Every structure is written in C-alpha cells, then in structure tokens.
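# Structural characterization, general
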Amino acid sequence: MARPPVLALRGITKRFGGVQALVDVDLQVRAGEVVALAGDNGAGKSTLVKVISGVSPADRGLIEWEGRLVQIKRPHDAHALGIATVYQDLAMCDNLDVVGNLFLGREIDRVGVLDEVEMERRARDLMRTLSIRIPDVRVPVAALSAGQRQAVAISRSLMGAPKVLLLDEPTAALGVEQTSHLLDLIEEVRDRGMAIILISHNMGDIKAVADRVAILRLGRNNGLFDVSTVTQEQIISSVTGAADNAVAHRSKGDEEAWP
Amino acid sequence: MSRGGPRRDGVPAGPGSAGPVTARGERRTRGWQDSLREYALDVRGSVRGGERGPLLVIAGLIVIWIVFQGLDDKFLSPRNLSNLSVDIVGTGLVAVGIVFVLLIREIDLSVGSVSGLAGAAFAVLNVNHGVPEWLAVIVAVAAGTAVGAFHGVFHAWLGVPAFVVTLAGLLIWNGLTLYLLGASGTINIDEEGLVASLTSRHFGNHLAAYAVAALGTAGYALAAHRRRSRHRAAGMPYRSRGEVWLRTGLLAVIAFAAAFTLNRFQGLPLALLIFLVVLVVSDYVLRRTRYGRRVYALGGGVEAARRAGIGVERVRVAMFMVSGTLAAVGGLFVASGLTSASPTTARAAGSGMLLINAIAAAVIGGTSLFGGRGSPWSVLLGVVVIQSIASGMGLLGVQDAVQFMITGGVLLAAVAADALSRRAQARRGRP
Ligand SMILES: Nc1ncnc2c1ncn2[C@@H]1O[C@H](COP(=O)(O)OP(=O)(O)OP(=O)(O)O)[C@@H](O)[C@H]1O
Ligand SMILES: [Mg+2]
C-alpha cells in the first residue's frame, strides 16, 4: 500500500468533564477503502466522528489530511477539506423540507436569493441516481419515516462529492432491502475512490463491505483487523474486552500517567 | 399568501401526495371546480395535519367584526376601519420583530420597553435638545438596534437564556426611559413634524390606494405565474392555472375592498403603506433568501444548523438586532399616534401591554412559539384581530381592567392553539 492515507488521526484525546471519551486514538483511512469502526455502546465512536467532522474538536492529537497536518476546528473546516458526515442522530431540521435539508448550508442561490427550482431538480436527480424513494421532496422531514430520514441524510452526505465519508450507524433505521441497497452504494462510492469510515454494530454489514475493522473500547484503540482474515469471535472479544491485547494494555498505562 | 414555513406554498403534504412525483406532476390546467376542490382539500389536509391555516383566523375575525358591529354600528365605518389600519402599525412592526426571534425559537420580552425608549429618546433629542428630526429618528432607531445587539450577545455568546436577558432588558430599558423623561415629564412632539406625520399623513388622492392595491395584486400574479412556468419548464409539479387565478382573485378582492374603504375616509394612510412594505421585504428575506433559510434552520434544529456550518451565534445576535430595531421603529409610530412621550405611556410600555399584543399578534397569525414555523405575513392577520378587539372594546367603553383580562385571555388562547397544533403535528409526523 504505497498510497498515503487521505485521513490519519494520531493520539486523539477528548474528555467530557470526568468522562475520558477518547484516549490516544489512532485511525487511518485510504482512498478507495472502507474502514469499519466497531465498539460497545459508549466506546467513543460517535465522539470520534464529531472530532473528525469538526462538531466537537479533540483536546489533543493530530489530524493529517493527504499527508499534511490540518486543523479541524469547525464543521466548516471539515466540509472544506471534503469530509462529509452522516451523524447517528441525523442532524436534520424537522421544519425544513427534504430539499431544504439536502442543501442546508450550501444552498444554490443567485445573489443571495434561493434558486428553489434548481435545488429541487438536483434533489430529484440525486434521489433518482441513488434510487432512494421519497414520496415528495417538498414535505418537511418531520413527516418522513426513520428510514426515509436516514436515506435523506445519506444523500445529503454524498452531495458535495466528498473525499471522506463518515457514516455513524447508517443502517440502524433501515430495512433489509434498504440496508443491502446502502451497502451496494458504499461499495460503489468506494470504487470511485472515496474513503469511508463506517460505524456499525452489525457484523454482517462489516464483513460485507469493510476492508479493515478498527475496534474502540472505553475510548481506546483495541485492535485493528483485516476483515478478510479476522473471525467474528476475534472482533467480538476485542469489542467486549474478553481478549485485551497489547494495544489496550499500553493505553491503560497511559491513562495512569494522565492527570 | 403564506401558510407558514419555508415550503413551496400550495403543495399538499397529505395522503394525495404519497405516490411518485408524476402523480402530482399531472396537476395540469383544469376547471375552476377542480381548483376549488383541490384548494378545499389542501385546507382540510393542513388543518387536520395540525397546520393552522389562515382560514380559521379569518373566520374568527369575521365573527369578531360581526359581533362588534352588532353592538355598535360605528365599528365597521370607514372612519373606524381607517383608524384601525393606522393603529395596527405600531404593534404590527413590533410583532414583525418578534416573528424573527420566534422563528429561531427564542423570545424577546423587552420589545415594549425598547419601543418606549425609542419614543422617549426621539422626543428628548428633538424637542428638548433641538436635534433635527431626521437625526433624532436615526439615533432612536439605532438605539433599538444596539439594545438588540446587547441582548443578542448576552444570549448567544454568554449562553444566558433569552427570556432572562430580555426580561432584565424589559426593566432596564423602561428604567432608562423614565430616567430620560424624568426631568421634563410629558414631552409633546411637533404635530407638523416628520414623526407625527408617520401616523397622521394620508394620501388623499384616491388613485394612491387603488394603485397600491393594483400593484400588490399584479406583483403577486406575476410572481405566481413565473414560478408556475419555471416549475413547468423544469418538469416539476406546479399549481394549476385555475388555482393561481383563484388566489390572485381573492387577493384582488381584499386589496380593492380595503382601498375603497380607506378612500371613503381620508385615503391611504402612510403608516399602512410603510407596514406593508416592511411585511413584503421581511417575508421575502425570510422565505426566499439564503439568509432567511438559515433563520428557519435554526428554529428547526440548532444542532443540525451548526453542523451544516451555519454560524449559529451570529444569526442569533442578528435576530435580536432585528427585533430591537423594529421595536424602536414601532415605538416611533406609537409616539406619533400619541404625539407625545410621557412617563405615563412609558410606564404603560413597561407594563407589557404592547409586548403581549405583539406576541399575540404573531402567534394568532400562525407563527409558532416552538420555532421554525411562521412568517411575517402572519402578523398582519394577527394584529388586525388584536386591534379589532381593542378598538371594539374602546368604542364600547370597556374599562381597562376588563381589557387586560381579555387581552391576556386572547394570548393564552392563541398560545394554546399553537401548542395543540404542534402536538397534532408530532402525532402525524412520526407514524
Ligand atoms: N456531549 C457529551 N457530554 C458528556 N459526555 C459525553 C458527550 N458525548 C459523549 N459523551 C460520553 O462519551 C462516551 C462516548 O460516547 P459516544 O457517543 O462516542 O459512544 P458511542 O461509541 O458512539 O456509543 P453508541 O454505540 O451507543 O452510539 C460516553 O461515555 C458518553 O457518555
Ligand atoms: Mg454512537
């Protein structure tokens, strides 16, 4: 693997009051690669996503983008680099319609005046190419089902042709058919050279699309595996801590040194 | 007119739209009956969907007018209606400012005091210190903007809840007003001056009122037809020609009836014209511009807006500045109507009557206290209802004590309707 990672995190540390949400976390993802991120509830997966997307920046640690050091302090910084995110809570404005949400923060306008027709046209095109079925792109998203909302959030993330895509449990609200559809979609954008970080509790999904799987446990790295060789048991024991490995032990030592 | 929310008006969100796009793409030219029926279905769907269309409020207004006309046949006289159209403007402008703040799901309780402050600042500067009127007006309005910025900074950057900041503001600015007026007591403003003319000036020429009615109707028709053809050209669902004509026709009837009535008294009041311009401009900014979209976004989900890269704090400060500015402008209209600024009216401003009327006007018209829903146009309807009640009670000589109770009751009823419609929406929103 000669290509440098498009995104590399080193020593990411973040605490919320008394809670150490992330401790010295490392993670890399290359273009055209899907890295799954797994871990128990509260392991720090969503916190890591919010660090990368600039929603809540890390206390310590480095972020490298295509080999050079960058600062991601605000969501805007992440957007500008080409990082798109589907948040676990989807982060949508319930009162706006589908078009409004898709284009939130990057509306198409002419001297400040919204071009609703063009936005609606592109929204429909996008929905069509992604074969997402939304009955009406002009209904407020509050009126959509959980799965439809998730589909809208996913379409939104793909809109700006990002280089890195963060998906925080994107299949949580999807039915069987939509899940397999999303997995196809992930493979498709991966083949087009996008780098994807996929958070999932579902071993089947991970096995199906991921190239590597990184495990977080209690805010620390707890293993990084090649999906083609790892067994489900190995993943589960890393997630639950049944087999604390060397990485975990090393991080524990760090914690004692950390005030 | 608007049905609230930045959605393309007239698109039903009801069961009729459950099919694929083509099902509605076929809303081609059809007969009048079809248009009427579609419109009726739209209205019924939105009422059941928990969206309070304006029709309910219009029905309420008609009832109020009939009752007061029955009690006193001067109520619907051109003179009283014309006065009503001037009296709504002070409260109405304040209420438009409140709409901006309500849309981001906050509240500004200081607007009554700020409007009193602007009136007093103008009077003191112009009458006591001989500052030219135009400059005194600018200073008074800028004071409102500055006060709004002050509230906004405390709220957005220090994280103090808006209702506390503006509650403190209510007292502070009212205190400052009384302090300014303290030395001189009541100040009478120049009855021939600029500010006095804000409410006293009428365009006696009958053409003025009709021209405004014609312009408004034509503007609406043009915009509606342009949208329709753009949507059609892009292969998107669009309103039937009949529906566009129906809406235009309704607007024309209302506009020309109003112009006719105003012309039977003194003609088009300048105040009303200014109010309409403010409504058109603020509605356009909120619903058609990128900036307005951010405002609605904040009301629909602060966190979502922040993650989309919107500078939440800046928008918040800006909204309080708008609210402070419009409160000050409204205050000048109030002072203009009274042709004075006095400690008594300042105390009244601090007592919250104007504040309550402004909030009630916004909410009655369909702007939600829960953020993200409503529009400046809602104020027009709401403030007419509020002012009709006040004017009717005034004609009948109802005492203040009773007026207070009734006004408070109306506010409570409007807010309750808002809360109920929100619950109805939540029930439907998530199946
Ligand atoms: N804003 C916050 N304030 C305080 N603590 C937080 C905050 N966000 C997360 N935490 C804490 O950080 C830890 C990691 O949370 P995080 O949401 O990242 O977990 P997760 O791995 O995404 O879990 P899940 O699988 O349930 O989504 C938890 O202990 C949580 O309580
Ligand atoms: Mg999570």
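Structure first, text after, so check above.
Residues numbered from 1 in each chain as written. Chains lettered and ligands numbered in written order. Predicted model: local features only at pLDDT ≥ 70, side-chain atom pairs only at ≥ 80, totals over all residues. Heavy atoms only, no water.

### Digging into a nonpolar patch on the surface
Residue and element names in this part refer to chain B. Taken together, the side chains of Val 63, Val 67, Leu 71, Leu 395 and Leu 396 present a nonpolar region at the surface, about 410 Å² in accessible area. Of all the secondary structure elements, the ones that give two or more residues to the nonpolar patch are helix H3 (54-71) and helix H17 (377-396). Counting residues per element, the nonpolar patch draws most heavily on H3, which supplies three residues. Relative to the elements of secondary structure, Val 63 occurs in helix H3. (Patch = residues over 30% accessible without salt bridge, like charges linked within 9 Å, V, L, I, M, F, W, Y side chains within 5 Å. Areas by Shrake-Rupley, 256 points an atom, 1.4 Å probe, with all protein chains shown as cover. Salt bridge = Lys/Arg side-chain N within 4 Å of Asp/Glu carboxyl O. Helix = DSSP H or I, 4+ residues; strand = E, 2+ residues; numbered from the N terminus.)

### Digging into the sheet that holds strand E10 (residues 195-199) of chain A
Residues and elements named next belong to chain A. Read from one edge to the other, the open sheet built from six strands follows the order E6-E9-E10-E3-E11-E12, with strand pairing classed as mixed. The sheet is open, and its two edges are formed by strand E6 (83-86) and strand E12 (220-226), each paired on a single side. Averaged over all neighbouring strand pairs, the angle between strand axes comes to 15°, with direction disregarded. Relative to strand E11 (residues 212-217), strand E3 (residues 34-38) runs parallel, the two sharing four bridges. If you follow Val 35 over to E11, its bridge partner there is Arg 212. Strands in contact with helix H8 (residues 232-240) are E3, E11 and E12; relative to E11, the strand with the most contacts, it is inclined by about 25°. (Pairing = 2+ DSSP bridges. Axes fitted to C-alpha atoms, helices over the stretch in contact; angles between N-to-C directions. Contact = heavy atoms within 4.5 Å.)

### Focus on the packing of helix H11 (residues 270-288) of chain B against helix H12 (residues 290-300) of chain B
To describe two helices that pack against each other, one gives the angle between their axes and the distance between the axes. All names here are of chain B. Packing of H11 against H12 leaves a shortest axis separation of 5 Å and a crossing angle of 75°. Relative to H12, the element H11 is oriented roughly perpendicular. Along the contact surface, H11 presents Val 285, Leu 286, Arg 287 and Arg 288, while H12 presents Arg 290, Gly 292, Arg 293, Val 295 and Tyr 296. Here the residues of the contact of H11 with H12 are counted per class, giving four nonpolar, one polar and four charged. (Parallel < 35°, antiparallel > 145°, perpendicular 65-115°, else oblique. Nonpolar A, V, L, I, M, F, W, Y, C, P; charged D, E, K, R; others polar.)

### Brief notes about the packing of aromatic side chains
Residues and elements named next belong to chain B. In the structure shown here, the tally under the stated rule is four aromatic pairs over all chains. Between the aromatic rings of Phe 150 and Phe 154, the centroid separation amounts to 4.9 Å while the plane-to-plane angle is 55°, which identifies the pairing as tilted. Linking Phe 150 with Phe 154, this pair stays in helix H6 (residues 133-156), spanning four residues, or about one helical turn. For Phe 150, a relative accessible area of 39% puts it in the partly exposed group. (Phe/Tyr/Trp six-rings, centres within 6.5 Å; stacked < 30°, edge-to-face > 60°. Buried < 20%, exposed > 50% of the residue type's maximum accessible area, 1.4 Å probe, protein only.)

Note that all results are geometric; they support no functional claim without further evidence.
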